[in-house]
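Reading the structure
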Amino acid sequence: MSAPLSAWPWEILGNFKYMLYGPFLARILYTRYQDDTIRNSNWCLHIIILCLLRGFMYQAWTSYTSMLFLTRNRVIIKKGVDFKQIDKEWHWDNFILLQAIVAALGLSMFSDPETLGVWNNKGIIVVLMLHVTISEPLYYNIHKCFHENKYLFTHYHAVHHSSPVPQVYTAGHATFLEHLLLTIVIGIPIIGSFVLGYGSLSLIYGYVLIFDTLRCLGHSNVEIIPHQIFDKIPLLRYIVYTPTYHSLHHVEMGTNYCLFMPLFDALGNTLNSKSRDMHKKISLDSGKNSRVPDFVFLAHVVDMSSAMHAPFVTRSVSSMPYYTRIHLKPFLPISFLAMLIMWAKSKTFLNSFYYLRNRLHQTWIVPRFGFQYFLPFAAEGINKQIEEAILRADRLGVKVISLAALNKNESLNGGGTLFVNKHPNLKVRVVHGNTLTAAAILHEIPEDVTEVFLTGATSKLGRAIALYLCRKNVRVLMLTLSTERFRKIQKEASADTQKYLVHVTKYQAAQNCRTWIIGKWITSRQQSFAPSGAKFYQFVVPAIHGSRRDCSYGTLAAMKLPEEVEGLGACEYTMERGVVHACHAGGVVHYLEGWTHHEVGAIDIDRIDIVWKAALKHGLKPISSIRKIVY
């Protein structure tokens with residue numbers, strides 16, 4: 001059994017806990033439209049507003065600290081936040097609900113907020129005095145007790161310290177008992193000022209939001225306070241803590257217990273002697289480049305909706321596979337505005353990272369959306385963005401940069417050949433990763449298949465798949481309207497395998513073929529020509545939507561990263577956790593193998609099996625993509 005008051009009373013409700021805000025809303029609505037004489041009902045309105053402001057503040061801080069393109073050089077603990085930590089902290093906002101309930105009970109004893117003043121100078125002085133003389137020492141002693149008492153730490157406070165990387169949401173990740181005590185700490189100055197007759201609305205809003213701001217600051221894991229301010233005003237280092245100060249507490253837990261004021265650690269002889277030097281070092285290092293990545297995956301934004309899947313938008317959403325979420329629809333205009341700003345001003349930026357065998361892997365984003373790749377006048381600008389990213393990676397000393405999706409479009413830059421030919425002395429290896437993509441598709445097709453239908457047959461991947469299969473004596477029905485392009489591919493096959501490549505121009509030609517490989521978008525009507533029980537494999541971007549309940553559909557080719565991955569906390573588009581697109585995995589394999597050639601342009605058929613075996617050797621696992629359509 002868990003220790004008393006360690007679990008949250010509404011834990012069993014999961015996300016339905018937000019229904020507990022229902023009585024607040026019901027009372028507000030009833031008062032407004034039915035009976036405006038209910039005593040103190042206006043407190044409910046202010047409590048709801050304050051809860052929304054608190055939630056927004058924590059989200060804003062989380063978004064800022066997750067913007068690695070702004071904060072990467074100021075990060076204190078340079079580890080990634082993995083899925084395990086994100087799941088632990090999923091209900092970080094339990095304390096807001098708890099304090100809303102307590103506030104509703106406590107504030108109802110006082111007069112209606114409409115009778116209070118908006119501002120009271122004496123109230124500000126009183127709340128500061130109560131905070132410094134009661135809240136700060138009370139929290140310090142409670143916190144110290146939770147650490148020094150083995151039972152209390154093991155059964156209560158260890159939950160908070162189970163997060164290896166302090167984050168803004170970590171501030172809320174604690175047991176019910178701890179937040180009850182924290183509610184007392186935050187409540188004393190507010191209740192005290194009201195008892196003394198100096199309460200005001202601005203005092204409540206101001207104190208609570210400043211309290212939250214400082215909590216967010218301490219757990220942000222990003223040092224934003226310059227060390228020079230403490231050099232000029234030495235006393236200030238005892239008045240307010242820094243993110244470095246509190247991060248040290250999470251590393252060396254016997255020190256730095258204070259709430260916000262290191263003065264109490266100094267008085268209690270628990271101030272970590274490294275605090276000042278470490279803060280100065282991190283502050284000075286913020287002007288230097290952080291660790292150089294070993295591998296970079298160069299991606300781009302898909303569309304307006306998926307743009308909100310970035311870790312710095314909503315951490316919880318990005319930790320799950322992407323799908324269109326109804327509650328994010330109202331924010332599409334903001335996404336559209338961001339697209340315009342990125343189109344006009346932005347450069348390639350850092351989105352996420354993880355470690356594999358102590359090597360840093362990063363994902364950079366070209367600030368362009370999928371539709372822009374099909375605008376003729378945008379091609380030059382996109383290639384310039386990609387080229388600058390490659391040259392930057394080369395200057396930094398990145399070993400391999402892998403081009404994602406449309407960044408390696410054949411019609412855009414010849415699958416990367418444009419950059420390699422233009423810059424023949426590149427030290428960074430440019431990789432499109434499509435060799436492993438082809439391998440992943442081909443090795444998912446059952447060995448007993450004797451005939452396949454292939455769309456997008458003349459594309460880079462289509463060509464490779466067709467030539468590989470004909471070597472295996474598999475008959476390939478290649479759908480293309482260009483006889484010339486078909487003949488060109490057929491000539492690449494050996495004389496005894498050319499017969500297995502068959503040119504077709506209509507979907508009806510595949511009515512008896514049960515294996516369809518889709519490299520070009522097809523409609524529901526075109527899918528209807530497949531026989532019942534057909535399997536659709538695909539490498540088209542974006543993936544087709546299955547319309548046949550009697551058929552099976554595959555997603556884009558993907559591989560699961562090795563188990564040694566650390567700090568991975570974001571899903572790659574629609575991929576499951578820990579799974580990446582095969583072209584991403586292809587770049588990883590290229591780096592792990594230490595290959596020194598560029599993988600650009602046409603796919604080398606002879607290397608398909610070599611790359612596949614190398615991927616398996618390094619612990620990457622194939623993901624079966626075929627599944628039935630479920631309505």
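Everything below is about the structure printed above this text.
I will try to describe carefully the structure that is included in this document. Since the model is a prediction, treat every value here as computed from it, not as a measurement. (Residues numbered from 1 in each chain as written. Predicted model: local features only at pLDDT ≥ 70, side-chain atom pairs only at ≥ 80, totals over all residues. Heavy atoms only, no water.)

1. A look at the overall build of the chain
We apply this condition: Elements are defined by DSSP. Helices are runs of H or I of four residues or more, strands are runs of E of two residues or more, and each kind is numbered from the N terminus. Only protein chains enter the accessibility calculation, which uses a 1.4 Å probe. A residue is then buried if its area is under 20% of the maximum for its type, exposed if over 50%, and partly exposed in between. In this description, accessible areas are obtained by the Shrake-Rupley approach with a 1.4 Å probe, and a residue is regarded as covered only by the protein chains that are shown. Lys and Arg are tallied as positive, Asp and Glu as negative. Neither His nor the chain termini are counted. Every charge is mapped to an atom, namely NZ of Lys, CZ of Arg, CG of Asp or CD of Glu.
If you tally the helices and strands in the chain, you get 24 helices and 16 strands. Across its three principal directions, the C-alpha atoms of the chain cover 95 × 60 × 55 Å. Relative to its 631 residues, the chain shows a buried fraction of 54%. When the accessible surface of the chain is totalled, it reaches about 29,400 Å², and 61% of it is carbon and sulfur. Averaging the locations of the 64 positively and 44 negatively charged side chains of the chain gives two centres separated by 4 Å.

2. Side note on the packing of helix H2 (residues 42-66) against helix H5 (residues 94-107)
Packed helices, taken two at a time, are described by the angle between their axes plus the distance between the axes. Applicable threshold: A fitted line through C-alpha atoms represents every axis, and for helices the fit uses only the stretch in contact; the resulting angles, taken between N-to-C directions, go from 0 to 180 degrees. Just so you know how the angles are binned, under 35 degrees is roughly parallel, over 145 roughly antiparallel, 65 to 115 roughly perpendicular, and the rest oblique. Crossing handedness: left-handed means the near helix sits turned counterclockwise from the far one by under a right angle, and right-handed means the same turn made clockwise. We call two residues in contact whenever any of their non-hydrogen atoms come within 4.5 Å of each other. Residues are grouped as follows: nonpolar covers Ala, Val, Leu, Ile, Met, Phe, Trp, Tyr, Cys and Pro; charged covers Asp, Glu, Lys and Arg; every other residue, Gly included, is treated as polar.
Orientation of H2 relative to H5, taken along the N-to-C sense of each, is 155°, at an axis distance of 10 Å. Accordingly, the angle class assigned to the pair H2 and H5 is roughly antiparallel. Crossing geometry of H2 relative to H5 is assigned as right-handed. Residues Trp43, Ile47, Cys51, Arg54, Gly55 and Tyr58 of H2 form the contact with H5, whose own contacting residues are Phe95, Ile96, Gln99, Ala100, Ala103, Ala104 and Leu107. Here the residues of the contact of H2 with H5 are counted per class, giving ten nonpolar, two polar and one charged.

3. Quick look at unusual backbone geometry
Phi at Asn221 takes a positive value of approximately 65°, unusual for a residue other than glycine. Among the secondary structure elements, Asn221 is positioned in the loop between helix H9 (201-219) and helix H10 (228-232). Its relative accessible area of 4% is what places Asn221 among the buried residues. One non-glycine residue, Tyr573, adopts positive backbone phi at about 55°. Looking at the secondary structure, you find Tyr573 in the loop between strand E13 (565-566) and strand E14 (579-581). The class of Tyr573 is partly exposed, set by a relative accessible area of 24%.

4. Remarks on the state of the cysteines
Inclusion rule: Cysteine sulfur atoms are paired as a disulfide whenever they fall within 2.5 Å.
Overall, the coordinates contain zero disulfides when judged by the stated rule. There is no disulfide at Cys44, and the cysteine sulfur nearest it, in Cys51, is 11 Å away. Here Cys44 falls in the buried class, since its relative accessible area comes to 7%. Unpaired in this structure, Cys571 has its nearest cysteine sulfur neighbour in Cys583, at a distance of 16 Å. Of the residues examined, Cys571 reaches a relative accessible area of 7% and is grouped as buried.

5. Topic: the nonpolar core
Condition: Only buried Ala, Val, Leu, Ile, Met, Phe, Trp, Tyr and Cys residues count toward a nonpolar core, and they belong to the same one when joined by side-chain atoms within 4.5 Å.
With 69 residues, the main nonpolar core has Leu436, Leu469, Val476, Met478, Leu501, Ile517 and Ile608 as its most contacted residues. When residues no more than four places from it in sequence are discounted, the contact partners of Leu501 are Ala466, Leu467, Cys470, Val476, Met478, Phe486, Ile489, Gln490 and Ala493. In this structure, Leu97, Phe194, Cys216 and Cys258 belong to the second largest nonpolar core, which totals 50 residues.

6. Side note on the sheet that holds strand E1 (residues 295-300)
Rules: For two strands to count as paired, DSSP must find a minimum of two bridges between them.
The six strands lie next to each other as E5-E4-E1-E3-E2-E13, forming an open sheet whose pairing is mixed. Single-partner strands in this sheet number two, and they are strand E5 (429-431) and E13. Note: E1 against strand E3 (residues 359-366), six bridges, orientation parallel. The residue of E3 that forms the bridge with His300 is Val366. Taken strand by strand, helix H23 (residues 582-593) contacts E1, strand E2 (349-356), E3, strand E4 (400-403) and E5, and its axis lies near 165° from that of E4.

7. Focus on the environment of Val81
Mapped onto the elements, Val81 comes out in the loop between helix H3 (68-71) and helix H4 (83-88). By relative accessible area, which is 14% here, Val81 ends up buried. Sequence-distant contacts of Val81, defined by excluding residues within four places in its chain, comprise Ile86, Val165, Gln167, Arg315, Gly567, Leu568 and Gly569.

8. Description of the sheet that holds strand E15 (residues 621-622)
Reading across from one edge, E14-E12-E15 is the order of the three strands in this open sheet, with antiparallel pairing throughout. The sheet terminates laterally at E14 and E15, the two strands that pair on one side only. Of the pairings in the sheet, the one linking strand E12 (residues 558-560) to E15 comprises two bridges and is antiparallel in character. Across the sheet, Lys560 pairs through a bridge with Lys621, a residue of E15.

9. Looking at the pairing of strand E11 (residues 552-556)
In terms of burial, E11 is largely enclosed, as four of its five residues are buried. Taken together, the three bridges between strand E10 (residues 535-538) and E11 define a ladder with parallel strand orientation. Its bridge partner being in E11, Lys535 is matched across the sheet by Ser552.

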